[in-house]
Structure formats: structure tokens, C-alpha cells
Amino acid sequence: MPNKGEIITEHRIGFEKSNKALGFLYKEWYELISKLLSEIDGINIELGCGASFIDQINKNIKKTDVFLNSNTDFKLNAMDIGQKFENKISNIILVNVFHHISDPVLFLKAAEKSLLPGGRIIMIEPSNNYWSRLVYKFVGHEPFDTAQSEWKFESKDPLLDSNQALSWIIFERDYEKFRDLFPMFTLVQKKNIMTFSYLLSGGHSFNTRIGKFIKMTRKFERFFFDKYFGMFNLICLEKI
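In what follows, the accompanying structure is described.

## Thoughts on the packing of helix 3 (residues 20-36) against helix 10 (residues 213-224)
Contact pair helix 3 / helix 10: the axes reach a minimum separation of 10 Å and the direction vectors enclose 45 degrees. Judged by the angle between their axes, helix 3 and helix 10 are oblique. Across the interface between the two elements, Ala21, Phe24, Leu25 and Glu28 from helix 3 touch Ile214, Lys215, Arg218 and Arg222 from helix 10. Grouping the amino acids of the contact of helix 3 with helix 10 by side-chain chemistry returns four nonpolar, no polar and four charged.

Below you can see the structure in the form of C-alpha cells.
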């Protein structure tokens, strides 16, 4: 019998057709990710793909998740990527997935093992600034705990349990610790994106049906607000 997370995922598949605004935003994420992909000859894998349509933007990306569904190329637990794909991966992609990984050290070690030299981890993650903190703490449906002292957290369901502040904790607050633990990784890019548009689209919770208005919003916020108040981070790590 499918669990709650599996049911949610199946329900979301094809969301880009019903929620045009949200589909437009995800398409921008996928295009930004594609521009950062390492050109090292290897396998490109998206972890925790859920309802992803990234393969429509880049056909060379294999979509994986912790369970099989109609949208996955194959089943893969993020923690097993090092064992199953040692020195075979050119790019690992995670879209709002990293903050669900309860043992990020174990995952990053597995990712490092799987990546070829010059390979990259590229992710979209919740950001931490004045605006995003307000949104995630008072509007969001997942925890946003900047005070979490350890990186690891307890998780019973990897699709539902999370800490949305996790990428900020590791790649900003505890960045020196990250560098000490993973000297083979360099932080290529970390920037804020999308200040208001995701909220305006309704996300996966509500279809606001604002359609093409989202394009004008993105142009406006990209120029004036993204740098300091974007709700998401585009993060790129490279294995040297």
C-alpha cells in the first residue's frame, strides 16, 4: 500500500500542465541547472525527482526517486549513490530535496564517491534571509529551524520530514566545518532566486491560475529583489 508521500507524488505528476505559472518557474530552475552542468563525460542523475519534468529540458538526465512511480527512470536511495555509481556520475541534481536528507554527511560522502573529478552537485534549496525566513516560518508547511545544532536530524519519512534551513546551516553558517569535512568540494555558486513568484503561483498547494502574469513578475523581481530576498538558493558544488 503506498504511503502518503507516494500518493502526493503521483497526484503531482503533470502539474506543469495544470498550473502553468508553477510549471514556468520549474522550467526556469531546470534551465538554470542545465547551464551549470559539468561537461565531464558521465551519468547525470536527478535524486528525489518526484513530479519533475527536467528531462523535457535536458534529455540526458535520468530521474530517480526512493520509490518507483510513473515518472522515474529507476529507483535509487540517495545514500546508495556512492556504492552503486562509484566514479561514474558527472552531475547530481536535487530540487528541493537536500533539506529532506536526514544525514547530510553520509549523503555528501556518498555523492563525493560517486562523482568523477570535475563532477557537480547542483541543487535548488530554500534560502535564509529576512523575507524567506518570514515566509517559511509562518506560511510554510515544513520546519525551518536555523538553530539546529547538528546537521543530522530524525526522519521517519524522507518525503515528508525535513529542515528547510539545512542548506543554509551547512553551506553558510557551518561552512568552515563543511570545508574541513569535504576538502574535495568547492562551492562554485550560491545565489538567491525567486522572491514572490513561487508564492503567487500557489506552489503545489493551490493553483492561483495567474498564467502569463508570472513572466512579468519574474522580470521585475529578478532585477530588483532576487539578490537579497529570493526564497530559494541555486547552489553548485564541484568535486576537484
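## Points about the packing of aromatic side chains
Per the counting criterion, the structure on display carries 24 aromatic pairs. Residues Phe171 and Phe178 carry aromatic rings whose centres are separated by 5.1 Å and whose planes lie at 80 degrees to one another, so their mutual orientation is edge-to-face. Of the residues examined, Phe171 reaches a relative accessible area of 3% and is grouped as buried. By relative accessible area, which is 0% here, Phe178 ends up buried. Between the aromatic rings of Phe182 and Phe185, the centroid separation amounts to 6.2 Å while the plane-to-plane angle is 45 degrees, which identifies the pairing as tilted. Like Phe185, Phe182 is buried. One aromatic cluster is present, built from ring pairs that chain together Phe15, Tyr26, Trp29, Tyr30, Phe53, Tyr136, Phe144, Tyr198 and Phe232. Lys177 extends its terminal NZ or CZ atom over the ring of Trp151, reaching a point 4.4 Å from the ring centre.

Reading guide: rules and limits
- Residues numbered from 1 in each chain as written.
- Predicted model: local features only at pLDDT ≥ 70, side-chain atom pairs only at ≥ 80, totals over all residues.
- Heavy atoms only, no water.
- Axes fitted to C-alpha atoms, helices over the stretch in contact; angles between N-to-C directions.
- Helix = DSSP H or I, 4+ residues; strand = E, 2+ residues; numbered from the N terminus.
- Parallel < 35°, antiparallel > 145°, perpendicular 65-115°, else oblique.
- Contact = heavy atoms within 4.5 Å.
- Nonpolar A, V, L, I, M, F, W, Y, C, P; charged D, E, K, R; others polar.
- Phe/Tyr/Trp six-rings, centres within 6.5 Å; stacked < 30°, edge-to-face > 60°.
- Buried < 20%, exposed > 50% of the residue type's maximum accessible area, 1.4 Å probe, protein only.
- Lys NZ or Arg CZ within 6 Å of the ring centre and 35° of its normal.

Function-wise, these values are silent; they only describe arrangement.
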